[in-house]
Amino acid sequence: MNILILGSGGREHTLAWKIAQSSSCNKLFVAPGNAGTSLIGQNINIAATDFKSIKELAISEEISMVIVGPEDPLVKGIFDFFQSDEKLKHISVIGPSKQGAKLEGSKSFAKEFMQRNNIPTAKYRSFTKETILDGYDFLKSLNGPYVLKADGLAAGKGVLILNTLKEAKQELELMLLESKFGKASSTVVIEEFLDGIELSVFVITNGESYKILPSAKDYKRIGEGDTGLNTGGMGAVSPVPFIDRFFMEKIEQEIIKPSIEGLKKESINYQGFLFIGLIKVGSEPKVIEYNVRMGDPETEVVIPRIKSDLLNLLKGIDDGTFSEKDLNISEDAAATVMLVSKGYPEKYTKGVAITNFENCEGSIVFHAGTKLDGDITKTNGGRVMAITSFGKNIEQALARSYVNAVQINFKGKNYRKDIGFDL
Ligand code: AMP
Ligand code: GLY
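In this text the structure is predicted, and so the values were computed from the model without any measurement. (Residues numbered from 1 in each chain as written. Chains lettered and ligands numbered in written order. Predicted model: local features only at pLDDT ≥ 70, side-chain atom pairs only at ≥ 80, totals over all residues. Heavy atoms only, no water.)

The next subject is the site of ligand 2. If you check the shell around ligand 2, you find D218, G232, F275, R293, G295, D296, P297 and E298 and nothing else. Here R293 contributes a side-chain N or O atom positioned 2.9 Å from an oxygen atom of ligand 2. Between an oxygen atom of ligand 2 and a main-chain N or O atom of D296, the distance comes to 2.9 Å. Protein burial of ligand 2: of its 200 Å² of free accessible surface, 87% is covered by the chains. Its residues placed into classes, the shell around ligand 2 shows 2 nonpolar, 2 polar and 4 charged. (Near = heavy atom within 4 Å. Polar contact = N/O pair within 3.5 Å; in protein donor to acceptor, adjacent residues only side chain to side chain. Areas by Shrake-Rupley, 256 points an atom, 1.4 Å probe, with all protein chains shown as cover. Nonpolar A, V, L, I, M, F, W, Y, C, P; charged D, E, K, R; others polar.)

In structure tokens form, the structure reads like this:
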């Protein structure tokens, strides 16, 4: 099979690395890809949302499967675009329909879906410019901290957690009246604050049945001890040590099952990955968000722990054999540490040469924001490389990644030295 992976981050390098190991994979393309993916497959300089060029590529290269990395093309309807085109409809798209992608693309849609399907989540209401006064009243009825979420996609920045009622009211005004996040904040979800520890579960589904992938925990803040600005993710570990069999069973019965059944019941076409962000409040799991794709950097620890042939499993989604396929997971723990550019998540420079990453003993180096300039690999983003290692436990895996984090060199290299500190 010829496969096309859309995206350019550490997640896509990891998927490419795994898919390339399958005996069913003939040619592998990544659009647009990074320096790491160019060593495994062929990079094509097309944006993941440029459907017209993707169509031409899919036809000329006889692609049989498109694996969609980021949420943007899904929210913009790439699944439906393929389905409705005579020349493309035979191609398997790993990712949900536009309607399914609203689970990530609209927070109020996701909350309503959870409510309809009795899925535990924070109490909430949504507001627009017209109902801002009700919004103030709702804020008053809650105890701080106050959680405000822009309804639409806001590049991971649309969630604000505010300590005082005054700040919460001000921010609500900025979002609704001054378009703080553009159109994304023309509706705002105000939510009860959940106090607990975060974790993520990942599912692959064909819309009928599902398989649960390894759990993971990511570290979103730039600073040690979970301080400072939010980032795309500075590191991740898998499995999550505080999820025991009983807690996982609870997550499956109360959250995963009703989510998949809800999609089916509501005739929402959904195939591919579902990433469920959770908070453990006491002993209860509650959903904070759905993502309709894999996480980044969670992918860098979840996918390497899969021992089975991932492409074979994904093939089962369209050929009707998905539920019969095996999914074997390694007993080893995995950890990843993200090397980032100085200044990230705010201003940073690109185009800095990276050295000493080729022979990192005991780790797999997944490229994120990198690009080839002739023979030289240079930085091309805030998050540059994810260093993934295995171990008998998370401490061992982390220790290995940190040895290599020191070894890899580029000017302005920064990373968190405390991934896993809270476990
Ligand atoms: P999201 O973009 O929905 O993942 O939210 C970003 C972050 O905000 C999450 O990872 C949580 O740390 C936090 N968060 C979101 N919703 C809540 C909530 N209801 N209570 C507490 N923290 C939350
Ligand atoms: N690491 C969080 C995300 O991918 O959304």
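The strand order β11-β10-β16-β17 describes an open sheet built from 4 strands, whose pairing is antiparallel. With one partner strand each, in any of the chains shown, β11 (210-212) and β17 (284-291) form the two edges of the open sheet. Each strand axis lies, on average, 35° off the axis of its neighbour in the sheet, ignoring direction. When strand β10 (residues 197-205) meets β11, the two strands line up antiparallel, connected through 3 bridges. (Pairing = 2+ DSSP bridges. Helix = DSSP H or I, 4+ residues; strand = E, 2+ residues; numbered from the N terminus. Axes fitted to C-alpha atoms, helices over the stretch in contact; angles between N-to-C directions.)

Once that is clear, we can look at helix α12 (residues 394-407). Think of an α-helix as 3.6 residues a turn; residues three or four steps apart then line up on the same face. Look at α12: 20 Å from first C-alpha to last across 14 residues, which is about the 20 Å you get at 1.5 Å a residue. Within the sequence span of α12, burial applies to I394, A397, L398, S401, Y402, N404 and A405. The arc enclosing the buried residues of α12, seen along the axis, measures out at 165°, which places them on a common side. Turned more than 90 degrees off the buried face of α12, the exposed positions are E395 and V406. Where the residues of α12 are buried, they touch β15 (235-238), β18 (333-341), β19 (363-367), β22 (383-391) and β23 (413-414). Its side-chain oxygen 3.3 Å from the backbone nitrogen of E395, N393 forms the N-cap of α12. (Expected span 1.5 Å × (residues − 1). Buried < 20%, exposed > 50% of the residue type's maximum accessible area, 1.4 Å probe, protein only. Arc of directions from axis to C-beta. Contact = heavy atoms within 4.5 Å.)

Here we take up the layout of surface pockets. Empty space among the atoms becomes visible once a probe the size of a water molecule is rolled across them. Empty space within the second largest pocket amounts to approximately 260 Å³. Residue lining of the second largest pocket: 15 residues in total, with L39, F357, E358, V365 and H367 positioned closest to the centre. Within the residue set of the lining of the second largest pocket, elements represented by two or more residues are α1 (10-19) and β19. Among the elements that make up the lining of the second largest pocket, the one with the highest residue count is β19 (5 residues). Considering only residue class, the lining of the second largest pocket consists of 9 nonpolar, 5 polar and 1 charged. (1 Å grid on protein atoms, 1.4 Å probe; cavity = no way out; pocket = protein on both sides within 12 Å on 5 of 7 lines; lining within 4 Å. Points joined across faces, edges and corners; volume = space filled by probe spheres on them.)

A separate point is the pattern of salt bridges. When the charged atoms of two side chains lie near each other, side chains of opposite charge can form a pair. Applying the stated criterion across every chain yields a total of 23 salt bridges. In this structure, R116 and E266 form a salt bridge, with 2.7 Å as the shortest nitrogen-oxygen distance. Here R116, found in helix α6 (residues 107-116), pairs with E266, found in the loop between α9 (245-265) and β16 (272-281); they are 150 residues apart in sequence, far enough to count as distant. Its salt-bridge partner being E254, residue K250 comes within 3.8 Å of it at the nearest N-O pair. With K250 and E254 both in helix α9 and 4 residues apart, this pair spans about one turn of that helix. According to the relative accessible area criterion, E254 is partly exposed, its value standing at 28%. (Salt bridge = Lys/Arg side-chain N within 4 Å of Asp/Glu carboxyl O.)

Relative to each other, α1 and helix α11 (residues 310-319) sit at 95°, their axes nearing to 8 Å. One way to sum up the angle between α1 and α11 is to call them roughly perpendicular. Of α11, the residues touching α1 (which contributes L15, K18 and I19) are L310, L311 and L314. Of the residues assigned to the contact of α1 with α11, the class counts are 5 nonpolar, no polar and 1 charged. (Parallel < 35°, antiparallel > 145°, perpendicular 65-115°, else oblique.)

It is worth spelling out the sheet that holds strand β3 (residues 42-43) at this point. Across the sheet, 5 strands lie side by side as β3-β2-β1-β4-β5; this open sheet has parallel pairing. The open sheet has two free edges, formed respectively by β3 and β5 (92-94), since each of these has just one partner strand. Two elements, strand β4 (residues 65-68) and β5, share 3 bridges in a ladder whose sense is parallel. Bridged to I67 within β5 is I94. Contacts from α11 reach β1 (3-7), β4 and β5, with the element oriented near 110° to β4.

Attention shifts here to the pairing of strand β14 (residues 227-230). Sheet topology note: the strand β13 (residues 221-223)/β14 ladder contains 2 bridges and is antiparallel. Among the inter-strand pairings, R221 is bridged to a residue of β14, identified as N230. Counting the residues between successive antiparallel strands, the hairpin from β13 to β14 contains 3 residues, one of them, G225, with a positive phi of roughly 75°.

This paragraph deals with a nonpolar patch on the surface. On the surface, V159, I161 and F193 cluster together into a nonpolar patch covering about 230 Å² of accessible area. Relative to the helices and strands, I161 is located in strand β8 (residues 159-162). (Patch = residues over 30% accessible without salt bridge, like charges linked within 9 Å, V, L, I, M, F, W, Y side chains within 5 Å.)

Our next topic: the packing of aromatic side chains. A complete count under the given rule lists 9 aromatic pairs for this structure. Ring geometry for F51 versus F81: centroids 5.2 Å apart, planes at 45°, classification tilted. Taken as a pair, F51 in helix α2 (residues 51-60) and F81 in helix α4 (residues 78-83) lie far apart in primary sequence, 30 residues in all. The exposure class assigned to F81 is partly exposed, which follows from its relative accessible area of 25%. (Phe/Tyr/Trp six-rings, centres within 6.5 Å; stacked < 30°, edge-to-face > 60°.)

If you check the shell around ligand 1, you find 15 residues, and the closest are K149, E191, L194, E198 and E289. At a separation of 2.8 Å, a nitrogen atom of ligand 1 approaches a polar backbone atom of L194. Taking 470 Å² as the accessible area of ligand 1 by itself, protein coverage stands at 88%. Mapped onto the shell around ligand 1, the elements with two or more residues apiece are β7 (146-150), β8 and β17. In the shell around ligand 1, the residues fall into 8 nonpolar, no polar and 7 charged.

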